[in-house]
Amino acid sequence: MDPFDSNVADRANLPRNMIENSMFEEEPDVVDLAKDSAAFPTFPALDPDEVVYEPRSSRLLVRGLGENDMDEEDEDCESSARLLGMSFMNRSSAHRSSSSPYTRQAAPRSCSRPSARTTVVCVLFLVIGASMTMLLYFLPGCTFTKAGCKKTNKTTPFEPVYPLSTNGKLFPWAQYRLPRSVRPLSYDLTFNPDLDHMTFTGRTVITMSVLHNTKIIVLHSANLNITKATFKLGDKETRDVTVLEYQPKQQIAVQLSEEMLAGQYCVLTLDYSASFSHTYDGFYNSSYIDKDGNKRVLAATQFEPLSARKAFPCFDEPAFKATFLIKISRKQNYMTLSNMPQAKSTPLSEGLVLDEFEKTSVNMSTYLVAFIVADFNPNSKNVSKTLVSVYSVPDKKAHTDYALDTASKLLEFYNDYFEINYPLKKLDLVAIPDFLAGAMENWGLITFRETTLLVGNQSSPLEKQVVASVIAHELAHQWFGNLVTMSWWNDLWLNEGFATYMQYMSLQHVFPKLDIGNLFLAVRFRALDKDALNSSHAVSTEVNNPEQVEEMFDSVSYEKGASILMMLEAWLPGEQQFRKGIIQYLKQFSGLNTDTDDLWNSLTQVSVSHHNVSEMMRSWTSQKGFPLVTVSRKGDQVTLTQEHFLLTSDNATYTSSLWNIPVTYVTDNCSLASECRQMFNLKTKSGTLKLPESVKWLKLNCNNTGFYIVHYGKEGWAALQDALSSNVHVLTQEDRASLIHNIFALSRLGHVSFYDVLNMLKYMSNETESSPVTEALSQLNAIYRLLDKRQEDSLVARMKHYILDLFGSLMDNQTWVEEESVSKQELRSALLGSACSLNQESCIQKAKALFKHYDESNGTSRIPGDLQQVVFSVAAQSNDDWETLLHMYQINTYDAEKRKMLRGLASTQDARRIVWILKAGLRGDIIQTQELPLVISTVCNGFTGYLFAWNFIQENWDRLIEKFPLGSYAIQTIINAATSQFSTQVHLEQAQGFFSSLKERGSQMRSVQEALETIRLNQRWMEKNLPALHRGL
Ligand SMILES: [Zn+2]
């Protein structure tokens, strides 16, 4: 899946829930279903009765303990802080400029300090709570059931405690993961959707093989009303059975009177009815307005990670691979699509038709099943032995050519690169009008947002870059994820890190003109920034509940995953080593499930030069964070020292983690060609290499292909600055961007002062390349926004002056006409975006003129794609033009442009409009709810909007988590956008108060911990650097 909203620059991720992972949460080891035997794999004997179950009430108690730090007074304070926060909206201020007439009132700091009484009550509660927890834990678990206690078994000190089913009977399974005693072999699925009433009925027939003697079958089902169930064991008669349901874990079970024996086969048939999902997952309905103004309804699926169970009862874990035969009934004016080609169509009564698809020719995980009922049109072409089709709503068929061409070329590339042909006869790429993620890699039926698949012929290369990237990502998944699948969500990076890396790698080969390298570099910088936080997590990390599964879709799985693969490929000798390793991995595990070690072992096996890939890479996937490498020189000795680059607000918890770092470096003797690159393996705390004393400077981490940050010491930095000041071209632009990123990061860590940062930036007056300029601008703009939100008015003015001064001539040199080169477009949109947002007069005038021309031309003139955002954002600041833009947004059918209009609309500094647009995003009529995270991010960038957005999120939290699952990327984005610009104690306390009040509605999310940590770090950085900013800017 590509969950990332390509237009939201800042990508979020976050920490583990200590309480949910307490000693009470016991899960069996992840068992790889498929590896033992391709035909009928066996599982380690695991009798459900032998597994200890956590007493639910004790877990609740523990959770209560973790949250009792929010007492009544805190709650009072929280509400009063919110009231104060609200009151600022209605108060005009003399401090702000006329464009931002709102200011806030600081909440009294003392109000959330607990009183002595509160403290005593807290301590007492803690003591009582802890004692109760211990007592309950050591009591027989069955205290919590109606069934009374079973006899204690000497070998199992804790009896499992089974929960109650919805019908009041004991549910025979007590764990989050399903038992391994039966395994599905094939599903026969029939769906009868009723698009008039938004309901469907279904029949699921599952053929299973028994792996261990058992009396129970446990599988997943969510929000399905099961109306009939029959069961057949081997040759015996089919009979009715009762289905038990345990809703909190979305599980159903059939308990049999006789034992099924290992080696037997059985068939379970379930009839059910359900409503379409109202969110963006499961089997959900969507609609669009056609060119005649009619509303057209359709239905589509999104199952990853945990929603196949909302459409049909199934073993909804990635290791339970099976084959699928799918049938869907439809009205005659609709068409259906599924993973496989259609096999036949049979007329039914009342004008309905039953479409039947071929049985899947491959075993696949449930999260990859997909089907669509719609009235879409295809645009198709044969590529090798595969029919590639791009589907869209009929009015947008003209926008499908680019995607078809791109997908065809990339399919050929991957067929060749992996030396395994895409295994299905057809590949559909479908643009769905309502779609939350960027895209989803369902095998043979990839679904997309319209913005990530459809572009017009006249679109700019930057717009094509987005579409090509997402297609490249999803196509790579057809091998990484679909053919070879992670055993469990803890190794999601095996899917996502790989697909992300392949997306950049394949585009560099197939579409070099798209210049994707700059984007990948920026993505790696942001991944480092996220992973530097204490709340980050290891690439491969434990996952034990639905929220944690959702949270795995974050920048660590995707972008750090991709970054460490790039580092590995750069380290392996010879061009083809990496490729040979992954071909070996794909062939060895084709159709199966794997974990991280399987990948490293495959790569080690093909290594020609005894490079121990496992040894090196485990240090990057099994621990969170990354190293800081510090360089010191004495004579001809260069000492490299490593430590964990950990941003913490208390300076206290540095870890002793060590990484096996493939350090690369260049020197002033040879710094540009790839042969200049030298290697040094740093496995221990420190290492020494020799360099002639005549070497003036060295630069580590060539082209930033390694996932680490480098500190050169005062003299080392000075030497690099001198070199760049006299000639910027002594280093590649990637290396220059890497120096800029690293010095800002070191400033955040407190290892260099802001003076040092400003010194480094002095060379920028000679800089003209995209990567260093965009990196410097993004760092400076982030500081500008923090100062703005703190109302440090004089510093805001000086920072603005500083940015316009440093980049002024480069800004003035930019053109406003069509530009071919992607890299120049990136540079231009970053420079002009900054210039206009800082109110640079000439920028504003040119943008306004371009908008006027565009408006008056009645659709005949076009704003260059890379400048549309700048132009729409400027237009949205004027009353009349905002209305014009809203009208354009409503009638525009060109998705990429429409999205930029939306960002423009959301960038308004008019309070009434901000409130309107937030509400409209939640309602979903004029602005689709899928765009709400983008709207909130954009609103939060502005001074006027960020507190409105914060209040909006607090007031509408329950509705937000109804639309977007807890832990999901959308929720991560919203939390990050709302809080990442806070840097004061008042805001920290507000955020703490709100998030802790959420309790099970999200207080334990990693993104919440990241948010609080980020606010503390911002606060610390500001306190430390405000004097330097006052003196230095
Ligand atoms: Zn993906």
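Right above here is the structure, for reference.
Conventions used here
Residues numbered from 1 in each chain as written. Predicted model: local features only at pLDDT ≥ 70, side-chain atom pairs only at ≥ 80, totals over all residues. Heavy atoms only, no water. Pairing = 2+ DSSP bridges. Helix = DSSP H or I, 4+ residues; strand = E, 2+ residues; numbered from the N terminus. Contact = heavy atoms within 4.5 Å. Axes fitted to C-alpha atoms, helices over the stretch in contact; angles between N-to-C directions. Disulfide = S-S within 2.5 Å. Buried < 20%, exposed > 50% of the residue type's maximum accessible area, 1.4 Å probe, protein only. Core = buried A, V, L, I, M, F, W, Y, C linked by side-chain atoms within 4.5 Å. Parallel < 35°, antiparallel > 145°, perpendicular 65-115°, else oblique. Left-handed = near helix turned anticlockwise from the far one by under 90°. Nonpolar A, V, L, I, M, F, W, Y, C, P; charged D, E, K, R; others polar. Salt bridge = Lys/Arg side-chain N within 4 Å of Asp/Glu carboxyl O. Phe/Tyr/Trp six-rings, centres within 6.5 Å; stacked < 30°, edge-to-face > 60°. Lys NZ or Arg CZ within 6 Å of the ring centre and 35° of its normal. Expected span 1.5 Å × (residues − 1). Polar contact = N/O pair within 3.5 Å; in protein donor to acceptor, adjacent residues only side chain to side chain.

Consider a sheet: its strands pair through backbone hydrogen bonds, and that pairing is either parallel or antiparallel. Sheet architecture is open: five strands sit in the order β16-β17-β18-β20-β19, paired in mixed fashion. Edge positions in the open sheet fall to β16 (377–383) and β19 (439–440), since each of these has one partner strand only. Relative to strand β20 (residues 445–449), β19 runs antiparallel, the two sharing two bridges. Within the sheet, the bridge partner assigned to Ala 439 lies in β20 and is Phe 448. In the packing of helix α4 (residues 401–418) onto the sheet, contacts are made with β16, β17 (386–392) and β18 (426–432), and the angle to β16 comes to roughly 30°. Running at roughly 150° to β20, helix α5 (residues 461–477) makes contact with β18, β19 and β20 of the sheet.

The subject of this paragraph is the state of the cysteines. By definition, a disulfide links two cysteine residues through a covalent bond between their sulfur atoms. Tallied over the full model, the rule gives two disulfides. Here Cys 670 connects covalently by a disulfide to Cys 676, the sulfurs 1.8 Å from one another. Across the disulfide from Cys 670 to Cys 676, rotation about the S-S bond amounts to roughly -75°, and the bridge is consequently left-handed. Classification of Cys 670 as partly exposed rests on a relative accessible area of 33%. Using a relative accessible area of 5% as the deciding quantity, one classes Cys 676 as buried.

Moving on, we get to the nonpolar core. Core analysis: the largest hydrophobic core is formed by 317 residues, its most contacted members being Phe 312, Phe 807 and Trp 957. Setting aside residues up to four positions removed in sequence, Phe 807 forms contacts with Met 764, Val 773, Ala 776, Leu 777, Leu 780 and Leu 831.

At a minimum axis separation of 9 Å, helix α16 (residues 770–789) and helix α17 (residues 793–812) run at an interaxial angle of 165°. Viewed along their axes, α16 and α17 adopt a mutual orientation that is roughly antiparallel. In the crossing of α16 with α17, the sense of the turn from one axis to the other is left-handed. Contacts from Val 773, Ala 776, Leu 777, Leu 780, Asn 781, Ile 783, Tyr 784, Leu 787 and Asp 788 of α16 reach α17 at Leu 795, Val 796, Met 799, Lys 800, Tyr 802, Ile 803, Leu 806, Phe 807 and Leu 810. Considering only residue class, the contact of α16 with α17 consists of 15 nonpolar, one polar and two charged.

Turning to the sheet that holds strand β28 (residues 698–700), a few remarks are in order. Ordered in space as β26-β25-β28, the three strands form an open sheet in which the pairing is antiparallel. Each having just a single partner strand, β26 (678–682) and β28 make up the two edges of the open sheet. Within the sheet, the average angular offset between the axes of one strand and its neighbour, ignoring direction, is 30°.

With that settled, the discussion passes to the pattern of salt bridges. Following the criterion strictly, the structure yields 44 salt bridges and no others. Notably, a salt bridge pairs Arg 177 with Glu 317, separated by 3.2 Å at the nearest N-O pair. One end of the pair, Arg 177, is in the loop between α3 (116–138) and β1 (182–194); the other, Glu 317, is in the loop between β10 (295–302) and β11 (323–331), with 140 residues separating them in the sequence. By relative accessible area, Glu 317 is classed as buried at 3%. Of the charged contacts, one joins Arg 1006 and Asp 554 as a salt bridge, the two residues approaching to 3.8 Å between their closest N and O atoms.

As defined by bridge partners, β16 adjoins β17 across seven bridges and the pair is classed as antiparallel. Within β17, the position partnered with Asn 382 by the bridge is Leu 387. Counted along the chain from β16 to the antiparallel partner β17, the turn is two residues long, and its residue Ser 384 has a positive phi close to 50°.

This part covers the packing of aromatic side chains. If you walk through the whole model with that rule in mind, you get 51 aromatic pairs. Taking 5.0 Å as the distance between ring centres and 80° as the angle between the ring planes, the aromatic pair formed by Phe 283 and Phe 371 counts as edge-to-face. Residue Phe 283 is located in strand β9 (residues 282–289), and its partner Phe 371 is located in strand β15 (residues 371–374); the two are separated by 88 residues in the primary sequence. A relative accessible area of 1% means that Phe 283 is categorised as buried. Residue class for Phe 371 comes out buried when judged on its relative accessible area of 0%. Seen in terms of ring centroids, Tyr 417 and Phe 418 are 5.5 Å apart; in terms of plane orientation they differ by 80°. Their pairing is edge-to-face. Just as Tyr 417 is buried, Phe 418 falls in that class too. The ring of Trp 488 is capped by Arg 177, whose NZ or CZ atom sits 3.6 Å from the centre of that ring.

Right, let's get into helix α23 (residues 911–923). Between its first and last C-alpha atoms α23 spans 18 Å; for 13 residues at 1.5 Å apiece the expected length is 18 Å, and the two agree. If you check which residues of α23 are buried, you get Ala 911, Arg 913, Ile 914, Ile 917, Leu 918, Ala 920, Gly 921 and Leu 922. Buried positions along α23 lie against α21 (879–891), α22 (895–906), α24 (932–941), α25 (946–955) and α26 (957–963). The backbone nitrogen of Arg 912 lies 2.9 Å from a side-chain oxygen of the residue at the head of α23, namely Asp 910. Among the residues trailing α23, Gly 924 stands out with phi positive, at a value near 85°.

Let us look at the environment of Glu 358. Following the sequence through the fold, Glu 358 ends up in the loop between β14 (352–357) and β15. Distance from Glu 358 to Ser 338, taken between C-alpha atoms, is 9.4 Å for residues 20 residues apart in sequence. Once residues within four sequence positions are removed from consideration, Glu 358 is found in contact with Phe 324, Met 340, Pro 341, Ala 343 and Lys 425.

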